[in-house]
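Below, each chain spelled out in residue letters.
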Amino acid sequence: MTDGLLIFGKTIWNMLFIDWRIMAISAVLAVIVFLLGIYLQLKKWGEGSRAYGGPSQSGSVWAFLKTLVHRIRKESGSKVINILVMDVFLQRRTFKADKLRWFMHICILYGWIGLAFLSMAVTTSYEMYGVFIANDHEMFPNAWIMLEPAFDFLSYMLLIGIAIAFGRRLFSKDTRAFSDETDWILIALLILVVASGFYAQYLRETTDITVRMLTSEYPAEYYGSFGNSFTIFHEVFSLFAMVAYIPYSKFMHIIASPLAILASGGGKK
Amino acid sequence: MKPSMTSERFTAVQLMELDACTRCNECLNWCPVYEEINTGQFTPAELPEGRTATEQEALAYSPRNRIMVLKDFINKGYGWRARLFGPKHIPEEDILKFKDELYHCTTCGACGSVCEAGIDTVEIWESARANMVINERGPYGKQSGFIDLLKSYNVFAADQKDRLCWIPEDIHVEDTAEVGYFTGCTAAYRMQKVGVATVRVLDALGIPFTMLGEEEWCCASVAVRTGQLGIAKEFVDHNVNAAKKKGIKKMVYACAGCHRTSIIDWPKFYEGGELPFKVYALSEYLCELMDEGKLKPEDFKFKNSLDKVVTFHDSCHTGRHVGIYEQPRRILELIPGIKLVEMERNRSYQRCCGAGGGIKAGVSDLALKLAQERVRDAEEVGAEMITCTCPFCRRNIMDGINAMDTNVVFEDEMVLLAEAMGLDLTVPQNPYTDKNM
Ligand code: SF4
Ligand code: SF4
């Protein structure tokens, strides 16, 4: 344990500051890369016309957004809510087509979104508030422990979803034939995020200092949330693979497909 | 540098839809063209002779791949790499290969109906075709002949003055009326029995109606489906203005192709985007009258029992594209003696007969194979007769029947209705009598 640093009038520990700094920079970078990608995608979509046969909107992001809103507003408010709940959140169209694929989608999507939001909530509230503002270094590890069942549940959901995606490609001839390297890269990314996540979580929660010391660059006496290069790797990798990479990859459908469903009034029946 | 494939004719939402594909592959389970190619029933002319398509070659003709290739082309011209480093060149042979794949599609819409991302695939195919035509890469094969034919304002290069030459003398066509009957080129020149049946039914039910006659030009479906949009606005404006002059408030159609084009495509070309009349499939109009109590089942005054096991083939155009599934069945169920059975693939899951999307003219052997599949669907459920509300499906399915050893026959729904009502379906002698199908 090194001497504390004085930041915003609070004393924090060096090792925590280094962790926090890496995470904060990574998160900001990931969000910037993500937003830049989204901006470029919106510009691409803005090359299209507002209505069929009309002139190009010359890559205007604003024009695209107006076109999209105009299309969505063709339906009544209650219908849009119905589409949002049934087709976007509950993926009714996939459910009708293939129950196993639906289950896989739901597991991956909600496992991933849930973990992302929970991590963000814990980091910003307990880590930022607890350590930096309330100066309570117990609050953060306690939060991790308290939320462990939720983290476990979401992680297992994600794991089951990935296992199904993997299994379908191993055992279904058709799915395998229709998959290409992009699918495999994405599955590999997900596996890496989940596997490293499980281990990182184990490291965070363990009180066994010897286990932590194996992977930790810094000595620490609190629960293993900080000063651990493996958990840092997991967090930084997840941010870049699962956030920044979205607009540049097949993951883009996670954003485009709900918008397409909304724009088409729930899709053709 | 200009992108090798431009975004012309694509709407902003369509460009977004290209990124929405989750590659779930559901569309592959329903695309009739992919099925024919993948099972070796049909081999595109572009593939080496003497063998069927490999799994990967067949995949190139699937809706999913078409979306992926199109997305890739657009990304090369406008994606993030193109924004940062300039558009990437796409070899012309790659674009032409894609064009061939794009035109091997009946625009049936099955892929769109099952698409998990809600992508309006048919509109994307048609925008892509229009893009191909603008850049002088499309259309495909004989489809380019449509524009020459349409110089005479109908697809048969027939005389417009003869548009109503088949109307029986005792049928009164109003000069102006609230209801208009849009005949379509096929019923006017090649399937006049369908036209006669339609006017007889309207007349017998006491529905006053008018027709555009010489002023009825082709609905422009063949041009729109194949991406040749140059003439579309002129044709649409002409027809809509002619209907306005006749005081038409409700236009009824016994041709699914004209119906779809009028309700979905005409507003895209007509100034202001809103037609001054409501567009109805004839069965839909009759059902509306019944629902309003203005028409009762007994008004049909049926005289004949048809005593047949009949199956209804939903045309892609009135079915999947417009969403009319139940009304034609309600009308059929009124007909005495008809036992209605459903084919396994019906309503939004229907299997396309293969006539649409320019396939009949562009890839006629594929159209024939698809028609035969549909006849087999009917045989499987023990149907003796297939009926439909589309003269174009009628023609293709009958070609399929003629090429097979089957007892299944085909009849148009309006003809069945008129026969059951005991109406005279004699088509008066006219210059097209010999050309009737
Ligand atoms: S519209 Fe029909 S033929 Fe064309 S790709 Fe879709 S399912 Fe296949
Ligand atoms: S059904 Fe739709 S989302 Fe699925 S592969 Fe086909 S086009 Fe893509």
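This one's a predicted model, so the numbers in the text were calculated from it and none came from an experiment.

A. Representation of the environment of B:V310 in the model. Residues and elements named next belong to chain B. Mapped onto the elements of the fold, V310 is located in strand β4 (residues 308-312). Through-space distance from the C-alpha of V310 to that of M343 is 10.0 Å; in sequence the pair is 33 residues apart. When neighbours within four sequence positions are excluded, V310 is seen to be in contact with I338, K339, L340, V341, M385 and T387.

B. The site of ligand 2, seen in detail. Residue and element names in this part refer to chain B. Inspection of the region around ligand 2 gives C21, T22, R23, C24, N25, C27, R64, C115 and E116 as its neighbouring residues. If you map ligand 2 onto the pockets, it falls in the largest cavity. Looking at side-chain class alone, the shell around ligand 2 contains four nonpolar, two polar and three charged residues.

C. The arrangement of the domain arrangement of chain B in detail. Residue and element names in this part refer to chain B. Assigned domains within chain B: domain 1 (12-138), domain 2 (152-297) and domain 3 (302-420). Here domain 1 and domain 3 have C-alpha centroids that lie 28 Å from each other. Summing the contributions of domain 1 and of domain 3, the shared interface buries around 1600 Å²; its carbon and sulfur component is 62%. On inspection of domain 1 and its partner domain 3, the count reaches two salt bridges. Between E35 and R351 there is a salt bridge, and its shortest N-O distance comes to 3.2 Å. Connecting domain 1 to domain 3 are seven residue pairs in polar contact (both at pLDDT 80 or more). Going through the elements one at a time, α2 (32-38), α7 (110-114) and α8 (121-134) are the ones with two or more residues in the side of domain 1 that touches domain 3. Top element by residues in the side of domain 1 that touches domain 3 is α2. It accounts for four residues.

D. Just helix α7 (residues 148-171) of chain A, in detail. Spanning 24 residues, α7(A) covers 33 Å between terminal C-alpha atoms, matching the ideal 34 Å at 1.5 Å per step. Every buried residue belonging to α7(A) is among A:F151, A:L154, A:S155, A:M157, A:L158, A:G161, A:I162, A:I164, A:A165, A:G167, A:R168 and A:R169, and all of these are buried.

E. Broad picture of the packing of aromatic side chains. A complete count under the given rule lists 23 aromatic pairs over all chains for this structure. On the numbers, 5.8 Å between centres and 45° between planes, the contact of B:Y153 with B:F235 is tilted. Linking B:Y153 in the loop between α9 (145-149) and β1 (179-182) with B:F235 in helix α13 (residues 232-245), this pair joins segments that are 82 residues apart in sequence. Between the aromatic rings of B:F300 and B:F302, the centroid separation amounts to 5.6 Å while the plane-to-plane angle is 5°, which identifies the pairing as stacked. Across from the ring centre of A:F95, 4.4 Å away, lies the NZ or CZ of A:K99, which sits over that ring. Cation over ring: B:R66 sits above B:W125, and NZ or CZ is 4.8 Å from the ring centre.

Thresholds applied
Residues numbered from 1 in each chain as written. Chains lettered and ligands numbered in written order. Predicted model: local features only at pLDDT ≥ 70, side-chain atom pairs only at ≥ 80, totals over all residues. Heavy atoms only, no water. Helix = DSSP H or I, 4+ residues; strand = E, 2+ residues; numbered from the N terminus. Contact = heavy atoms within 4.5 Å. Near = heavy atom within 4 Å. 1 Å grid on protein atoms, 1.4 Å probe; cavity = no way out; pocket = protein on both sides within 12 Å on 5 of 7 lines; lining within 4 Å. Sits in = over half its atoms within 2 Å of the grid points. Nonpolar A, V, L, I, M, F, W, Y, C, P; charged D, E, K, R; others polar. Domains from an automatic or database assignment. Buried area = accessible area lost by both parts, 1.4 Å probe. Salt bridge = Lys/Arg side-chain N within 4 Å of Asp/Glu carboxyl O. Polar contact = N/O pair within 3.5 Å; in protein donor to acceptor, adjacent residues only side chain to side chain. Expected span 1.5 Å × (residues − 1). Buried < 20%, exposed > 50% of the residue type's maximum accessible area, 1.4 Å probe, protein only. Phe/Tyr/Trp six-rings, centres within 6.5 Å; stacked < 30°, edge-to-face > 60°. Lys NZ or Arg CZ within 6 Å of the ring centre and 35° of its normal.

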